[in-house]
Amino acid sequence: MLLAIESSCDETAAAVIDENLVVRASVVASQTDLHRRFGGVVPEIASRAHVQRILPVIDDALRNAGVKLDDLAAIAVVTHPGLVGSLLVGLTAAKTLALVLDKPLVAVNHIEAHLFACRMHAARDVFPAVGLVVSGGHTNLYDCPGPTGFELLGSTIDDAAGEAFDKVASMLGLAYPGGPSIEAAAKKGSPSAFQFPRTFLKDASRLEFSFSGLKTAVLYEIAGTPPQKYDPASFSPQYVADLAASFQEAVVDVLAAKCVQALVQRRRKTLLVGGGVAANSRLRERLGESALKEGFAVVIPPISLCTDNAAMSAIAWELLAQGQTADLDLDVSAGLVRRR
Ligand code: KG4
Ligand code: ZN
């Protein structure tokens, strides 16, 4: 049994996963309610909430799994990337358990764990593959030759896709978090009502993303150029729905096109998708259509394994098998590269 701890952003999570990758328990304490009135995650509030929740969440996971601390083979913890103050809470809990119980400590990359969720969902080997992680903080494309050791092919040069959803939702007066709100509003709108930019869409040589131009285009549409003060309460529901649908379509067009371009370049036949934005039904639908048309397989986990959770840190079983354990001087890192 493996205990996995996750506190990289605004979810405090713990999970118990057995060596066959069966999730025995997965507990996620979301902080969305604490951050809603600020329209985004406030790092200091997040780390304080993690401190309050981390022990009850770990206790719940162990109790739900019917597992005692002595039964654990190792303690896995997400150390990067994420909010440093938040990551430190999970790391401190994990180090303490590893030290007291004399169990191996395994450092997990949160983004790689998002892709490993696809391996868990498929319940079979899904590698080699191309992987897309689309979340509030990241929009990254990877080549994944095996279950670990992913090669970053490209990422966003400005906003992450989820961040763009959150910011555009806020411009339209829709509730936080923006992704689900935009998706709901878009269902009644026309995706071709507005022609928004699709950056790098046709440039197959660039496996990068940029969403800040799209965000600005939405702002210019609703507030004019230069933008004037406006009240989203004055917008008709149809106008909001059309803007949401047209914005969502532009994001989905680019994400799907870049996945296909990466699959072609790397001659891979499987696409793995993870991260909160992978919960988006239009994106799922579009990737399914592309897969049929272009002849590749697509694996997208259920929403509970797409949004932040600790179960996906089961990638630690692979790292453990490769002898990749960490020392107690392990540190957190805001960026993609692990520190000791
Ligand atoms: O992976 P995640 O739970 O946390 C991070 O590591 O960032 O992703 C959160 C992001 C938020 O930006 C949220 O708006 C977005 O995922 N999201 C969605 C949907 N559900 C969540 N974006 C588009 N459509 C959705 N249905
Ligand atoms: Zn995430």
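Because the structure is a prediction, the values reported are computed rather than measured.

(A) Spatial organisation of the pairing of strand 6 (residues 129-134). Across the six residues of strand 6, six count as buried, placing the element largely inside the fold. With burial as the criterion, each face of strand 6 is covered, one bearing A129, G131 and V133 and the other bearing V130, L132 and V134. The turn joining strand 6 and strand 7 (residues 139-144), which pair antiparallel and follow one another in sequence, is formed by four residues.

(B) Layout of the sheet that holds strand 2 (residues 11-17). With respect to topology, five strands assemble into an open sheet ordered 3-2-1-4-5, the strand pairing being mixed. Taken across any chain shown, the strands that pair with only one partner, and hence form the sheet edges, are strand 3 (23-30) and strand 5 (105-109). Each neighbouring strand pair of the sheet contributes to a mean axis angle of 20 degrees, computed without reference to strand direction. As judged from the five bridges shared by strand 1 (residues 2-6) and strand 2, these two strands associate in the antiparallel manner.

(C) View of the coordination of the zinc ion (ligand 2). Protein coordination at the zinc ion (ligand 2): the donors are H110 (NE2), H114 (NE2) and D308 (OD), at 2.1 to 2.2 Å from the metal. Summarised as a motif, the one-chain spacing of the donors to the zinc ion (ligand 2) is H-x3-H-x193-D. Linking H110 with H114, this pair stays in helix 4 (residues 110-122), spanning four residues, or about one helical turn. With respect to burial, H110 and H114 carry one shared label: buried.

(D) Region of interest: the sheet that holds strand 10 (residues 297-299). Read from one edge of the open sheet, five strands run 8-7-6-9-10, paired in mixed fashion. Each of the sheet's edge strands pairs with one partner strand only, and the pair in question is strand 8 (151-155) and strand 10. Each strand axis lies, on average, 20 degrees off the axis of its neighbour in the sheet, ignoring direction. Sheet topology places strand 7 next to strand 8; four bridges connect them, and they run antiparallel. Within strand 8, the residue paired with N140 across the bridge is S155.

(E) Looking closely at the domain arrangement of the protein chain. Segmenting the protein chain into domains produces domain 1 (2-113 + 308-321) and domain 2 (120-305). For domain 1 and domain 2, the distance between their C-alpha centres works out to 27 Å. Every contact between the two is made by 20 residues of domain 1 and, on the other side, twelve residues of domain 2. Along the contact surface separating domain 1 from domain 2 lie zero salt bridges. Where domain 1 meets domain 2, there are three residue pairs in polar contact (both at pLDDT 80 or more). With three residues, the single largest contributor to the side of domain 1 that touches domain 2 is helix 11 (residues 315-321). Residues of the side of domain 1 that touches domain 2, tallied by class, amount to eleven nonpolar, five polar and four charged.

(F) Expanded view of the packing of helix 5 (residues 161-171) against helix 6 (residues 178-186). Across the interface, helix 5 lies against helix 6 with an axial gap of 7 Å and an inter-helix angle of 65 degrees. Considering only the axes of helix 5 and helix 6, their crossing is left-handed. Facing F165, D166, V168 and A169 of helix 5, the residues of helix 6 in contact are G178, G179 and I182. Class assignment for the residues of the contact of helix 5 with helix 6 results in four nonpolar, two polar and one charged.

(G) Structural context of helix 4. The terminal C-alpha atoms of helix 4, which comprises 13 residues, lie 19 Å apart, in line with the 18 Å expected from a rise of 1.5 Å per residue. Among the 13 residues that make up helix 4, twelve are buried, leaving the element largely enclosed by the rest of the structure. All of the buried residues in helix 4 are H110, I111, E112, A113, H114, L115, F116, A117, C118, R119, M120 and A122. Immediately beyond the C-terminal end of helix 4, within one or two residues, lies A123, with a positive phi of roughly 55 degrees.

(H) Structural view of the layout of surface pockets. Computed from the structure, the largest pocket encloses a volume of approximately 1,100 Å³. Forming the boundary of the largest pocket are 39 residues, of which C9, D10, S135, G136 and D166 lie nearest the centre. When residues of the lining of the largest pocket are traced back to their parent elements, those giving at least two are helix 4, helix 5, helix 6 and helix 10 (303-306). Sort the elements by how many residues they give to the lining of the largest pocket and helix 5 lands first, with six residues. Broken down by class, the residue content of the lining of the largest pocket amounts to 13 nonpolar, 19 polar and seven charged.

(I) Inspection of a nonpolar patch on the surface at higher detail. There is a patch of nonpolar side chains on the surface, built from L99, V100 and L328 and spanning about 310 Å² of accessible area. Within the secondary structure, V100 sits in helix 3 (residues 84-101).

Scoring rules and cut-offs
- The residue numbering used here restarts from 1 in each chain and proceeds along that chain's sequence as written.
- Chain A is the first chain written and ligand 1 is the first ligand written, with later ones labelled in order.
- Since the coordinates come from a predicted model, pLDDT governs what is reported: local features require at least 70, and pairs of side-chain atoms require 80 or more to be given and counted, while whole-chain, interface and lining totals use all residues.
- Where side-chain values are given, they derive from all heavy atoms of the structure, hydrogens and water being excluded.
- Exposure classes here rest on a 1.4 Å probe applied to the protein chains alone. A residue is buried below 20% of its type maximum, exposed above 50%, and partly exposed in between.
- Numbering of helices and strands starts at the N terminus; helices are DSSP runs of H or I of at least 4 residues and strands are runs of E of at least 2.
- For two strands to pair, DSSP has to find at least two bridges joining them.
- Here, axes are lines fitted to C-alpha atoms. For helices the fit covers the stretch in contact, and angles between N-to-C directions go from 0 to 180 degrees.
- Sodium, potassium and calcium take a 3.2 Å donor cutoff, other metals 2.8 Å, and in both cases only N, O and S atoms count; water is not among them, so sites may look incomplete.
- What counts as a domain boundary in this text is fixed by an automatic or database domain assignment.
- Whether two residues touch is decided by their heavy atoms; if any such pair falls within 4.5 Å, the residues are in contact.
- Any carboxyl oxygen of Asp or Glu within 4 Å of a side-chain nitrogen of Lys or Arg constitutes a salt bridge here.
- Whenever two N or O atoms come within 3.5 Å, that pair is a polar contact, provided that in protein one can donate a hydrogen and the other can accept it, and provided that, for residues adjacent in sequence, both atoms are side-chain atoms.
- The residue classification treats Ala, Val, Leu, Ile, Met, Phe, Trp, Tyr, Cys and Pro as nonpolar and Asp, Glu, Lys and Arg as charged. All others, Gly included, are polar.
- Less than a right angle of anticlockwise turn of the near helix away from the far helix marks a crossing as left-handed, whereas a clockwise turn marks it as right-handed.
- One fewer than the residue count of a helix, multiplied by 1.5 Å, yields its expected span.
- Grid points spaced at 1 Å over the protein atoms alone were grouped into cavities, where a 1.4 Å probe fits but cannot get out, and pockets, open sets with protein on both sides within 12 Å along at least five of seven lines, with lining residues defined by an atom within 4 Å of a point.
- Grid points are joined across faces, edges and corners, and a volume is the space filled by probe spheres set on the points.
- Patch criteria: residues need more than 30% relative accessible area and no salt bridge. Like-charged residues are merged within 9 Å; nonpolar side chains of Val, Leu, Ile, Met, Phe, Trp and Tyr are merged within 5 Å.
- Note on areas: these come from Shrake-Rupley sampling with a 1.4 Å probe, and a residue is covered only by the protein chains present in the view.

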